[in-house]
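Results of the structural survey
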Amino acid sequence: SSSFLDTIFNARDKGFDSQRKAGLNSIKIALQGYYIDNGQYPLSLTELVPNHTRELPVDPVTGQSYEYYPINSRGGYELCATLAGGELYCEEKES
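Residues numbered from 1 in each chain as written. Predicted model: local features only at pLDDT ≥ 70, side-chain atom pairs only at ≥ 80, totals over all residues. Heavy atoms only, no water.

Section: the packing of aromatic side chains
On inspection of all chains with the given rule, the structure shows three aromatic pairs. Where Y41 meets Y77, the ring centres are 5.0 Å apart and the plane angle is 75 degrees; that geometry is what we call edge-to-face. Of the two residues, Y41 is situated in the loop between α1 (2-38) and β1 (67-72) and Y77 in strand β2 (residues 76-82); the sequence distance between them amounts to 36 residues. Of the residues examined, Y41 reaches a relative accessible area of 5% and is grouped as buried. (Phe/Tyr/Trp six-rings, centres within 6.5 Å; stacked < 30°, edge-to-face > 60°. Helix = DSSP H or I, 4+ residues; strand = E, 2+ residues; numbered from the N terminus. Buried < 20%, exposed > 50% of the residue type's maximum accessible area, 1.4 Å probe, protein only.)

So, in structure tokens, the structure goes:
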């Protein structure tokens, strides 16, 4: 019986992780638009709203914002989400 529940929870976690990765992808698209319009990346993701996205995706479980670290205004950024197993998943854009 526990293996059945493990299978269900594992499938659920994979679904949440897929949502997290899709959220990061949506933010990346908005960041690209911001860069095209401004010649640099924003200091904060909140600068993307409302001109580049209607709302920022958040973690489907915690409701928290994803982590965003500008490397420098023109050089790139790191965008991260914590996956179900606690692993940090990051997308990087370097200059």
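Now that the structure has been shown, the text picks up again.
Considering the environment of P57
With respect to the secondary-structure elements, P57 resides in the loop between α1 and β1. Put simply, P57 and I27 are 30 residues apart on the chain and 7.4 Å apart in space, counted from C-alpha to C-alpha.

A few points about the nonpolar core
With 13 residues, the main nonpolar core has I27, L31, L45, L48, Y68, Y77 and L79 as its most contacted residues. Of all elements in the fold, only α1 and β2 reach the threshold of two or more residues within this core. The element that contributes the greatest number of residues to this core is α1, accounting for five residues. In contact with L48, not counting residues within four places along its chain, are I27, A30, L31, Y34, P42, T53 and L56. (Core = buried A, V, L, I, M, F, W, Y, C linked by side-chain atoms within 4.5 Å. Contact = heavy atoms within 4.5 Å.)

Considerations on the pairing of strand β3 (residues 88-93)
Here β2 runs beside β3; their pairing, made up of six bridges, is antiparallel. The residue bridging T82 from the neighbouring strand is L88, located in β3. The turn joining β2 and β3, which pair antiparallel and follow one another in sequence, is formed by five residues; a positive phi near 90 degrees is taken by G86. (Pairing = 2+ DSSP bridges.)

So, the sheet that holds β2
Ordered in space as β1-β2-β3, the three strands form an open sheet in which the pairing is antiparallel. Each edge of the open sheet carries a strand with a single partner, namely β1 and β3. In this sheet, adjacent strand axes meet at a mean angle of 15 degrees when their direction is disregarded. Contacts from α1 reach β1, β2 and β3 within the one sheet, and its direction differs from that of β2 by about 160 degrees. (Axes fitted to C-alpha atoms, helices over the stretch in contact; angles between N-to-C directions.)

Regarding a nonpolar patch on the surface
Taken together, the side chains of F4, L5, I8 and F9 define a hydrophobic patch exposed on the protein surface, amounting to about 390 Å² of accessible area. By the element assignment, F4 lies in helix α1. Using a relative accessible area of 54% as the deciding quantity, one classes F4 as exposed. (Patch = residues over 30% accessible without salt bridge, like charges linked within 9 Å, V, L, I, M, F, W, Y side chains within 5 Å. Areas by Shrake-Rupley, 256 points an atom, 1.4 Å probe, with all protein chains shown as cover. Salt bridge = Lys/Arg side-chain N within 4 Å of Asp/Glu carboxyl O.)

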